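Chains, contacts and geometry: an overview
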There are 2 protein chains.
Amino acid sequence: MAARKALTRDDVVDAAVHLLAEVGLEGLSLRRLARDLGVSAPTLYWHVTDKRTLLDHVAERLLLDQWRVTPLTPGEDWAEWLRERATVQYRALIAHRDAARVLAGNRPTEAAMPAVEEVLGTLVGAGFTPAQAFASIQAVGNLVIGSALEYQAERERDATTDRTAGDGPAHDPDRFPHHSALAALLADRPDHGADHDALFRHGLDLMIAGLRVQQAGTVTHAG
Amino acid sequence: MAARKALTRDDVVDAAVHLLAEVGLEGLSLRRLARDLGVSAPTLYWHVTDKRTLLDHVAERLLLDQWRVTPLTPGEDWAEWLRERATVQYRALIAHRDAARVLAGNRPTEAAMPAVEEVLGTLVGAGFTPAQAFASIQAVGNLVIGSALEYQAERERDATTDRTAGDGPAHDPDRFPHHSALAALLADRPDHGADHDALFRHGLDLMIAGLRVQQAGTVTHAG
DNA sequence: TGCCCTCCTCTAACGGTGTTAGAGACGCTA
DNA sequence: TAGCGTCTCTAACACCGTTAGAGGAGGGCA
């Protein structure tokens with residue numbers, strides 16, 4: 001046998017990330033992962049303590065480049081800067097299959113600290129108290145992950161469900177007039193209203209508008 | 001043997017809800033569920049097509065009383081009304097173990113339609129366009145589920161993790177000054193800052209403030 | 001009475017899962 | 001040469017969701 005180079009934990013995590021993209025979270029088994037690596041399943045336990053912690057590493061890897069530090073440029077609006085950051089985070093989540101599900105329930109790891117510190121600093125610099133800044137980061141993060149989760153869940157559903165079925169039961173317009181009006185409105189669009197990017201942007205806009213209001217109040221109070 | 005009354009699908013769903021509260025989503029297996037019902041595992045397949053759809057029913061059951069219709073009373077502020085509704089939803093989610101995880105990825109079922117219709121109608125009545133109202137409901141929902149997910153994940157983590165460990169590595173105040181300031185600030189509180197209810201309220205306040213801004217803009221445009 | 005039929009439950013089994021125990025091969029160092 | 005840490009292996013355990021197919025209980029009907 002040609003002497004194969006020994007496996008690294010990074011190799012395992014890499015392969016897991018790729019396998020996740022290929023078969024989704026349900027299909028990601030240690031045996032399959034081991035097979036892809038040309039190794040037997042229990043071998044993985046030498047590199048990784050647990051499947052759960054393997055997924056922790058995968059989550060960290062998935063957000064790796066999102067943690068790049070991109071400081072506020074002088075003269076740039078902090079709110080626009082924050083919106084851009086949150087959007088990048090959202091796009092990173094929905095770009096990789098089941099990324100949101102893997103990420104949900106993982107504490108921010110050590111590697112995320114510089115990025116969080118940066119946002120914290122920017123918001124404090126914009127006039128927020130540290131507590132406000134912290135709560136706001138959390139809120140934006142929760143919105144991002146909730147939106148990504150919802151989007152990916154719907155995508156999975158669409159892939160599973162029989163597509164020949166129409167747009168649902170076409171509910172009674174008398175009982176649900178607003179639903180009907182909405183459906184009529186969305187029927188014109190080519191994507192049947194499933195523009196999740198715009199949907200996310202709407203939510204993010206609301207939250208950032210709220211932040212602007214809060215900041216105005218704080219600044220007024222302070223000065 | 002005393003003739004046992006035949007099982008209903010509602011019985012199965014009920015037992016699943018209770019078992020979920022007891023052992024969490026990981027521990028909820030069909031065999032265990034069958035044992036609790038005094039029945040063999042394959043029997044469940046006569047009442048339920050699938051574990052996945054069983055969880056759908058569980059999700060529906062978990063939100064059942066949250067779908068009660070509570071119309072806007074005359075003179076009541078629509079924003080306060082909406083905040084109240086979202087808060088009830090959040091509380092319902094965090095009150096039951098793993099409810100958020102079960103709910104994530106379930107399309108709103110038929111039973112949720114009256115409630116959604118009601119919120120849709122209230123927002124349209126407040127001056128929003130149907131599209132705005134729809135996107136806003138979605139946004140608030142995503143925030144609620146993201147927050148609940150985060151809270152329950154952290155709770156699970158705390159239950160699992162060795163509690164003797166301190167509050168983490170106490171990071172370098174030079175590299176992470178804002179983190180340090182925040183930690184110092186939160187150290188005074190009895191709960192070490194883990195007041196998730198207040199954290200959720202903060203996010204919800206931001207979003208509702210954003211909605212107020214948007215409504216003001218719409219009304220200005222319209223009138 | 002005898003028969004059928006539908007409801008509901010059973011046992012047996014299949015192929016999969018995460019995980020542990022323990023043996024063994026490779027290469028470096030003394 | 002002996003020893004030791006590193007890395008991988010086979011065998012096995014207890015569990016999982018799910019299917020196949022048999023069978024009992026009870027009501028409706030000839």
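Reading guide: rules and limits
Residues numbered from 1 in each chain as written. Chains lettered and ligands numbered in written order. Predicted model: local features only at pLDDT ≥ 70, side-chain atom pairs only at ≥ 80, totals over all residues. Heavy atoms only, no water. Near = heavy atom within 4 Å. Polar contact = N/O pair within 3.5 Å; in protein donor to acceptor, adjacent residues only side chain to side chain. Nonpolar A, V, L, I, M, F, W, Y, C, P; charged D, E, K, R; others polar. Helix = DSSP H or I, 4+ residues; strand = E, 2+ residues; numbered from the N terminus. Buried < 20%, exposed > 50% of the residue type's maximum accessible area, 1.4 Å probe, protein only. Axes fitted to C-alpha atoms, helices over the stretch in contact; angles between N-to-C directions. Parallel < 35°, antiparallel > 145°, perpendicular 65-115°, else oblique. Left-handed = near helix turned anticlockwise from the far one by under 90°. Contact = heavy atoms within 4.5 Å. Least-squares fit on C-alpha atoms with pLDDT ≥ 70 in both.

1. Focus on the protein's contact with DNA strand D
Near DNA strand D there are 18 residues, and of these Ser40, Trp46 and His47 of chain A together with Arg31 and Tyr45 of chain B occur at the shortest range. The contact in question runs from a phosphate oxygen of DNA strand D to an N or O atom on the side chain of Ser29 of chain B, over 2.7 Å. Side-chain polar atom of Lys51 of chain B to a phosphate oxygen of DNA strand D: 2.7 Å apart, as the coordinates give it. Split by residue class, the surface near DNA strand D holds nine nonpolar, four polar and five charged.

2. Here we look at the protein's contact with DNA strand C
The immediate surroundings of DNA strand C are formed by 18 residues, with Tyr45 and Asp50 of chain A together with Ser40, Thr43 and His47 of chain B found nearest. Within 4 Å of the protein, the atoms of DNA strand C are drawn from sugar and phosphate moieties in a proportion of 60%. One of the side-chain N or O atoms of Tyr45 of chain A is found 2.6 Å from a phosphate oxygen in DNA strand C. In the model, a phosphate oxygen of DNA strand C is placed 2.7 Å from a nitrogen or oxygen of the Asp50 of chain A side chain. Counting residues per element, the ones that place at least two in the surface near DNA strand C are helix 2 (30-36) of chain A together with helix 3 (44-47) of chain B. By residue class, the composition of the surface near DNA strand C is nine nonpolar, four polar and five charged.

3. What about unusual backbone geometry?
All names here are of chain A. Phi angles above zero are rare outside glycine, and Asp98 is one such case at about 60°. The residue Asp98 is located in the loop between helix 5 (78-95) and helix 6 (99-103) in this model. When its relative accessible area of 3% is taken as the criterion, Asp98 is described as buried.

4. Quick notes on the packing of helix 5 of chain A against helix 8 (residues 130-160) of chain A
Residues and elements named next belong to chain A. At their nearest, the axes of helix 5 and helix 8 sit 9 Å apart, and the two run at 30° to each other. With respect to helix 8, the element helix 5 is oriented roughly parallel. As helix 5 runs across helix 8, the sense of the crossing is right-handed. Contacts between helix 5 and helix 8 involve Ala86, Gln89, Tyr90, Leu93 and Ile94 from the first element and Val140, Val144, Ile145, Ser147, Ala148, Tyr151, Gln152 and Arg155 from the second. Taken together, the residues that form the contact of helix 5 with helix 8 break down as nine nonpolar, three polar and one charged.

5. Comments concerning the relation of the copies chain A and chain B
What connects the two chain copies is a rotation about an axis and a shift along it. Of the transformation superimposing chain A on chain B, the axial component is 0.0 Å and the angular component is 180°, with the fit at an RMSD of 0.1 Å. Look at the turn and shift together and you get a two-fold axis relating the two. Counting the interface residues of chain A, we find that 100% of their copies in chain B are interface residues as well, pointing to one common contact surface.

Remember, this is a structural readout, not a statement about activity or role.
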